[in-house]
Structures are given as C-alpha cells and as structure tokens.
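Understanding the architecture of this molecule
As a plain string of letters, each chain reads:
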Amino acid sequence: MENSTKRKCTELTNAAASKETAYVGIAGTMVKYFSCIGVLKSSWDQVFIAFWQRYPNPYSNHVLTEDIVFREVTPDNRLISRRLLTKTSRAPRWAERYLPLQMSRCAYIMEDSIVDPQARTMTTMTWNISHARLMSVAERCVYGVNPENGIWTQIKREAWISSSLYGLSRAFQEFGLARFKSSVTKTMKGFEYVLAKMQGETPSRTLAETAKEAKEKARETALAATEKAKGLASQAQKKQYV
Amino acid sequence: MNSVGEGCTDLKREYDQCFNRWFAEKFLKGDRSGDPCTEMFKTYQVCVQKAIKDKDIPIDGVEFMGPNKEKPES
C-alpha cells in the first residue's frame, strides 16, 4: 500500500507509474481503484485559496456551473462545504446505442470538503450524482504540506470507478478510468494556471500552448481507451440480452 | 462562474468575492472574529436551493463526504 503513495500523477500516461487495482465491492460489482500523488509548487495556503477560485480556467471548459450548497465552520474551526458542479458529460460513441436517447448531456457532480487550517490539510470527496448506474466515479483528495519541500503542496489522489451495467461494466470502467486520468491532468494544469494568476504572473502563451498539448494528449488517451473499450463492448454484446 | 440557477449568478459572485477575502485574510490565519458573509450566503442560498428543487437535482440524502469507500487490499 505504501508504495502506491509514491506514484506520481504527472506520470499518468505511463500505465505502470500509477497504482491500479480491481476488486469486488460490497454489492458484488467490480471496482477499479486508482491512486497517485501530485505536487503543486505553491504553499498550502495559496493552494487552498486557489481551490475556491479555480473555475473558470482555460482547462475547465467542461465545467458549466458551480455552487456552494452547504457551508459551515465547525466548533473546532474547520470549514466544511458542499459544492455542486454541472459538467458536460459525453458518453463514448460505442456506448450510445446502449443508452437512453433522452439521456442528459450534463452531469451533476457533488464535492464535499473539509479545510483544516491548524493541520494545514484539506480533504475533498467528489462523486457523480447523475448516471451513477452507468458509471460511478468517486475521488478523494488529501491536500497537505509536501514532506520533502515545506513550501510546496502535495495532493494524494484516490479514485474508485465502478459500473453496474450488466455485461458492459468492464468497458465503462476502462472508459471511466481513461477519462479520469485525462481529467487529473486538466485539474492540475487548471490549478497551476489559477495559482500563477493569483501570484501576479500573467499566464503566458506557454500556458495556452500547454493547454493545447494537454487537449491533444487527452484525445490520444481517449482514443486508446475507446479502442480497448470497443473490444470489451463487442465481447460483452455477445452476452447481453436487452 | 455561473450558478446552476440562472437568476442566482449575481448573488453567487457577490458572495464568492466576500468569501474568498474572508477565507484568505481571516479563516486561514486562524482569525475567528465572525464571518461577514453570512447574510449574503443566506440570500444566495434562498435563490440556489429553489433552483435545485425546480430542476430536481438530488443533492439531499447523501451523507457528508459521500458513501464510505472501501480500501482495496494490497
């Protein structure tokens, strides 16, 4: 387990670099587990401030709305919040034939968080509340001071991906995992952009270029996943009777 | 950033601005002298909670920090 915490989020394109396992969950569905560590070269307080200001950014075009729906400071001075996000959610092409025609193109995402300024940690739990039978992605992030460099911030990211769609769950899991990985890249780029802006650096053209690169990379990853999922879907189709 | 309730975006932005300042200048520094954004938050909540209800977004009934996730054994 300890080894998994050493995996870096920046090496996500390398399948061997992040920790991935599959196991059987409570309800008997297969759950894919994924974890990695990311580092932001800013102090914990800057990162926590940026966390509430990170939308919109050039990497968040899929985020349509953002709302705080609950917020409270606990007696022990921790800030607890619940944020509701609307994101565009495109199903993979190969999957469209299995989905209801009227299925919404948007997904609602819930994000709960606890900010503890004494401990200098922030814990977030994010999951989709739409299309959850199709695919459920839950992500937990723990933000804290980087033990190797006190002026940097470390993010330990864990994700659980499952699908209870009979016969197609593995295909959706693969798709979900590939999309999750590309979204981690975008999240980190978005954070870096917002932090640079906060620190008074004009986000340069290089950042716009990086955005383009990230987009292309994400497309490549998605393509590879589509191919893999297609194979799984056609296998599953043989077993599927709708 | 826009609110899910089309009519709530201005209220949200006003609140966000207040919150961001309080968060950076007071909360993170351990200053516990009251939250100046409470009234703005209440007004914004009236608007957004109505929008959530109208759109049937199921935000209630989920415990804080979501369903407990199991750890894989490894």
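Summary of the structure given here. As a convention, each chain's residues are numbered from 1 in the sequence order in which they are written. Whichever chain is written first becomes A and whichever ligand is written first becomes 1, with later ones labelled in order. Given that the model is predicted, a residue must reach a pLDDT of at least 70 before its local features are reported, and side-chain atom pairs must reach 80 or more before they are shown or counted; all residues, however, enter totals for whole chains, interfaces and linings. Water and hydrogen atoms were dropped before computing side-chain values, which therefore reflect all heavy atoms in the structure.

A closer look at helix α1 (residues 44-51) of chain A
Worth spelling out the cut-off: Relative accessibility under 20% of the residue-type maximum defines a buried residue, over 50% an exposed one, and the middle range a partly exposed one, all with a 1.4 Å probe and only protein chains included. A run of H or I in DSSP counts as a helix once it spans at least four residues, and a run of E counts as a strand once it spans at least two, with each numbered from the N terminus.
Most of α1 of chain A is tucked away: 6 of the 8 residues are buried. Within the sequence span of α1 of chain A, burial applies to W44, V47, F48, I49, A50 and F51 of chain A.

A short note on the interface of chain A and chain B
Basically, it comes down to this: Residue contacts are defined here by distance: any two heavy atoms, one from each residue, within 4.5 Å place the two residues in contact. As used here, buried area is the combined drop in accessible area, with a 1.4 Å probe, of two parts when they are placed together. Put simply, a salt bridge is a Lys or Arg side-chain nitrogen that is within 4 Å of an Asp or Glu carboxyl oxygen.
In this assembly, 53 residues from chain A lie in contact with 37 residues from chain B. Together chain A and chain B conceal approximately 3700 Å² of surface at their shared face, both sides included; 65% is due to carbon and sulfur atoms. Counting the surface chain A buries against chain B, the share from its top three residues, D67, V69 and R71 of chain A, is 13%. One can count 1 salt bridge joining chain A with chain B.

Considerations on the pairing of strand β4 (residues 79-88) of chain A
Residues and elements named next belong to chain A. Test applied: Any two strands with at least two DSSP bridges between them are considered paired.
Taken across its 10 residues, β4 has 9 buried, putting it largely inside the fold. Both strand β3 (residues 63-73) and β4 contribute to a ladder of 9 bridges, which runs antiparallel. Along β4, the bridge assignment pairs R71 with S81. Between the end of β3 and the start of β4, which pair antiparallel, lie 5 residues, with N77 showing a positive phi angle near 65 degrees.

Looking at the environment of N146 of chain A
Residues and elements named next belong to chain A. With respect to the secondary-structure elements, N146 resides in the loop between β7 (136-145) and β8 (153-162). Residue class for N146 comes out buried when judged on its relative accessible area of 5%. Once the C-alpha coordinates of N146 and G38 are considered, the two residues, 108 residues apart in sequence, prove to be 9.7 Å apart. Excluding its chain neighbours within four sequence positions, the residues that come into contact with N146 are V39, W152, T153 and Q154.

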